[in-house]
Each structure stands twice: as C-alpha cells, then as structure tokens.
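Understanding the architecture of this molecule
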Amino acid sequence: MNKGIKGVLYDVRFFLIPYALILAACLFIKLNFTKEEIYFAVNTRHSDWQDTIMPYVTDIGNGWTTVILLAIMLIFSYRKAFLLASAYALTSLSVQGVKFIFDAPRPKLYFANHLKGIYFVKGVDQLSFHSFPSGHTVTAFSTSMVILYFLKNKKWGFLLLIVACCVGYSRAYLSQHFFEDVTVGSMFGFILTLIWIYWIDTKKFLHTKGWNEGLINFL
C-alpha cells in the first residue's frame, strides 16, 4: 500500500496543522527571548498541583509507555506493532547519537553557580548532561504519530498533540531540559517518524495476511 507522502500527511492533518502553529509560536518566542529568560519564565511559575502531576506526565514519554503499547498492539496486529517498535528504535537511537554529539549541559549544570535561584521539584533526580534534544519529547511525538496513523478517527490527532506537548512542557517544568531541547525534540520525533512511516509502510510484506494478524489469532 503506497499512500505517498501526501497521503501520510493527510492522515496526520489534525496533528500537523495545530503543531505547525505551535512551532511558529515557538520560533517567535525564541527570536524574542533569551534561553535564560525562557527557562525562568517556566521555572518561576510553579504550583503544588503541577509538582504532583508533572512527574507522571513526563513518564508518558518514557520508553516503558511505548513498550506497553507495543505489547497491546502485538495482540491484534504484528504490522502495527512492528511500525511502532521500529519507529521507537529509530528515533531513540538517533536522538541518543545527537545527544552525545552535542553533549549539552542540562539546567542543573548550566546554572551551577546560581542554583539557589532555581526551583527544583522535590523527589525528582536532576540530571546534568546530554540535554539536547529531549528524548522524552522525541518519544512522545513519535509514539503519538504512529498511534494516530492507525486510528480511524483522525480527529484524535489534536488530543494526541496536546498529550505530546504536555510531555515536552513537563521536561522543562522539571528542569530536565531547556525550551530549545523540547522544541527540537518534538521536531525530531515528528519528522523522523513521518519519513519512516512513509517509507516502511510501502513494503508489501507488511500488508500480507500474516502481518495483519496478531497473537489473538492463535488463542
């Protein structure tokens, strides 16, 4: 099945269009404010309820969430499970490579001489290295893209985008990443997954009967 790149873009249109507007807003913010100004705009706006929920929100971008979804997909469709697993492997390995190339400091290390002026959420271990880009954000956007690609009701794309953006925001709120790490991470996850889906799902073997069955067929 070959939808072409236009077909794939159409499938994710309810994700893509609002995401493009968000990226435009991010570009405006980056062009008008410094890295430090953006960081403290988030860091100084904290509350008890956000301190409670943000660690859970950030876990949505954890690899284990994708693994659980993968296990569920295996029950119903090997093809869907394969696309999710391969997209996760591709984006995760790629982002780790980029992280080590840039080796950018995270907020804790970047502001090492001014830590008294920074708010850290209690109970959250603060990392110091490999900040750029945000791996959790990459995974959240990549996984959301794959899920949306398979959903019949594409309007769920808007909700999936909100979830992915919340994961990105949680990374900045928890002082694990900067605004730039999250923004580029979202682009990384979206673009790489889009290209991967377009390329891999054209392979004929994925559309054979066996690949569109799952473990449930053997029960």
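Note: the structure precedes this text.
First things first, this report covers the structure right here in the doc. Given the structure is predicted, the values throughout are model-derived calculations rather than measurements.

Counting through the fold element by element, T137 comes out in helix α8 (residues 135–150). The exposure class of T137 is buried, given its relative accessible area of 0%. At 2.8 Å, the side chain of T137 forms a polar contact with the side chain of S134.

So, on to the environment of G117. Mapped onto the fold, G117 is located in the loop between α7 (107–110) and α8. G117 gets classed as exposed once you look at its relative accessible area, which sits at 53%. Through-space distance from the C-alpha of G117 to that of F158 is 36 Å; in sequence the pair is 41 residues apart. When residues no more than four places from it in sequence are discounted, the contact partners of G117 are F40 and N43.

All right, on to unusual backbone geometry then. In this model, F132 is joined to P133 through a cis peptide bond whose omega is -10°. By secondary structure assignment, the location of P133 is in the loop between α7 and α8. Unlike most non-glycine residues, H130 shows phi in positive territory, near 55°. The residue H130 is located in the loop between α7 and α8 in this model.

Along the chain, V121 falls in the loop between α7 and α8. We classify V121 as buried; its relative accessible area is 5%. Each C-alpha atom, one on V121 and one on L90, is 31 Å from the other, the two residues being 31 residues apart in sequence. If sequence neighbours within four positions are ignored, V121 has contacts with D51, Y173 and L174.

In this section: the pattern of salt bridges. The final tally for this structure, using the stated rule, is two salt bridges. The salt bridge partner of K30 is E180, with a shortest N-O separation of 2.6 Å. One end of the pair, K30, is in helix α2 (residues 13–32); the other, E180, is in helix α10 (residues 179–200), with 150 residues separating them in the sequence. Take K30: its relative accessible area is 35%, and that puts it in the partly exposed class. Here D201 ties to R79 by a salt bridge, and the two come within 2.9 Å at their closest N and O atoms.

Once that is clear, we can look at the environment of A140. Note that A140 resides in helix α8. Sequence spacing of A140 and V98 is 42 residues, and the spatial spacing of their C-alpha atoms is 17 Å. Sequence-distant contacts of A140, defined by excluding residues within four places in its chain, comprise G61, A164 and V167.

This part is about helix α1 (residues 4–11). Looking only at α1, the buried set comprises G4, G7, V8 and D11. The buried residues of α1 all sit within an arc of 95° when viewed along its axis, so they share a single face. Residues of α1 that are exposed and point over 90 degrees away from its buried face: K6 and Y10. Lining the buried residues of α1 we find α2, α8 and α10.

Once that is clear, we can look at the packing of α8 against α10. Two elements in contact, α8 and α10, have axes separated by 7 Å at closest approach and are oriented at 35°. When you trace α8 past α10, the crossing you get is right-handed. In contact with T137, V138, F141, S142, M145, V146 and Y149 of α8, α10 contributes V182, G185, S186, F188, G189, F190, T193, L194 and I197. In terms of residue class, the contact of α8 with α10 is made up of 10 nonpolar, six polar and no charged.

The rules behind the values
Residues numbered from 1 in each chain as written. Predicted model: local features only at pLDDT ≥ 70, side-chain atom pairs only at ≥ 80, totals over all residues. Heavy atoms only, no water. Helix = DSSP H or I, 4+ residues; strand = E, 2+ residues; numbered from the N terminus. Buried < 20%, exposed > 50% of the residue type's maximum accessible area, 1.4 Å probe, protein only. Polar contact = N/O pair within 3.5 Å; in protein donor to acceptor, adjacent residues only side chain to side chain. Contact = heavy atoms within 4.5 Å. Salt bridge = Lys/Arg side-chain N within 4 Å of Asp/Glu carboxyl O. Arc of directions from axis to C-beta. Axes fitted to C-alpha atoms, helices over the stretch in contact; angles between N-to-C directions. Left-handed = near helix turned anticlockwise from the far one by under 90°. Nonpolar A, V, L, I, M, F, W, Y, C, P; charged D, E, K, R; others polar.

So yeah, pure geometry; function would need other evidence.
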